[in-house]
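Notes for the structure review
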Amino acid sequence: MTTVPRLTITQDNEFWFEAAREGRLLIQRCADCGHLRHPPGPACPQCRSFEWDTVEASRQARLHSWTVLHHPKDDAFTYPLAVGLVDLPEGARLVADIAGVDHDQLHIGMELEVGFAEHAHGETLPQLRLPGTEAR
Ligand SMILES: [Zn+2]
């Protein structure tokens, strides 16, 4: 049984989760100053504008940092669980679990790809993988 909480879907982030279910990675962009932001939010942290649109990311990613979790264990994940922070070439960052990569291979700057996987309560969330591979 999982203790992972359900996602909180709001009118500010619903578009992002809908795109994820379609296998598309969107990044919110300020319509006034062009600043990219993730996770989605109601206002631009740079200019405070409430106007925004989106850009569809290439799903290319470069590993900025990572950690390997051993505890606390939850049935929703397989342990040890690698979680990475990646730089997207579009100019935003994303956090997601890393699947199908030996943890000894992980290194800063390695190229990864953003895929999608179903998580604890049936949500579709990003998952980092080696480019051109499916998760194991
Ligand atoms: Zn702005």
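Model, not experiment: these values are computed from the prediction. (Residues numbered from 1 in each chain as written. Predicted model: local features only at pLDDT ≥ 70, side-chain atom pairs only at ≥ 80, totals over all residues. Heavy atoms only, no water.)

Focus on the coordination of the zinc ion
Looking at the zinc ion, the protein donor atoms are C30 (SG), C33 (SG), C44 (SG) and C47 (SG), and they sit 2.3 to 2.4 Å from it. Written as a sequence motif, the donor residues of the zinc ion are C-x2-C-x10-C-x2-C. Given a relative accessible area of 2%, C44 falls into the buried group. Residue classification places C47 among the partly exposed positions, given a relative accessible area of 36%. (Donors = N, O, S within 2.8 Å, 3.2 Å for Na, K, Ca; no water. Buried < 20%, exposed > 50% of the residue type's maximum accessible area, 1.4 Å probe, protein only.)

With respect to the sheet that holds strand β2 (residues 36–37)
Sheets are built from strands that pair by backbone hydrogen bonding, the pairs being arranged parallel or antiparallel. Spatially, the three strands line up as an open sheet ordered β2-β1-β3, and their pairing is antiparallel. Each edge of the open sheet carries a strand with a single partner, namely β2 and β3 (52–56). Here five bridges tie strand β1 (residues 26–30) to β3, and the two strands are oriented antiparallel to one another. For L26, the partnering residue across the bridge sits in β3 and is E56. Against the sheet, helix α1 (residues 14–21) engages β1 and β3, with an angle of about 150° to β1. (Pairing = 2+ DSSP bridges. Helix = DSSP H or I, 4+ residues; strand = E, 2+ residues; numbered from the N terminus. Contact = heavy atoms within 4.5 Å. Axes fitted to C-alpha atoms, helices over the stretch in contact; angles between N-to-C directions.)

Observations regarding the packing of aromatic side chains
The description of an aromatic ring pair rests on the distance of the ring centres and on the angle between the ring planes. Counted by the stated rule, this structure contains two aromatic pairs. When the centroid spacing of 4.6 Å and the interplanar angle of 35° are considered together, the rings of F15 and W52 count as tilted. On the criterion of sequence distance, the pair formed by F15 in helix α1 and W52 in strand β3 is long-range, its members being 37 residues apart. For F15, a relative accessible area of 16% gives the class buried. (Phe/Tyr/Trp six-rings, centres within 6.5 Å; stacked < 30°, edge-to-face > 60°.)

A short note on the domain arrangement of the protein
Here the protein is partitioned into domain 1 (8–56) and domain 2 (58–136). Taken over C-alpha atoms, the centre of domain 1 sits 21 Å from the centre of domain 2. In this assembly, 11 residues from domain 1 lie in contact with 13 residues from domain 2. Buried area between domain 1 and domain 2, summed over both chains or domains, comes out near 960 Å², and the portion from carbon and sulfur atoms is 75%. Seen at the junction of domain 1 and domain 2, the total is one residue pair in polar contact (both at pLDDT 80 or more). The element contributing the most residues to the side of domain 1 that touches domain 2 is α1, with four residues. Broken down by class, the residue content of the side of domain 1 that touches domain 2 amounts to six nonpolar, two polar and three charged. (Domains from an automatic or database assignment. Buried area = accessible area lost by both parts, 1.4 Å probe. Polar contact = N/O pair within 3.5 Å; in protein donor to acceptor, adjacent residues only side chain to side chain. Nonpolar A, V, L, I, M, F, W, Y, C, P; charged D, E, K, R; others polar.)

Section: the side chain of Q127
Looking at the secondary structure, you find Q127 in strand β8 (residues 124–129). Owing to a relative accessible area of 9%, Q127 belongs among the buried residues under this scheme. Of note is the side chain of Q127, whose polar atom sits 3.2 Å from the side chain of R129.

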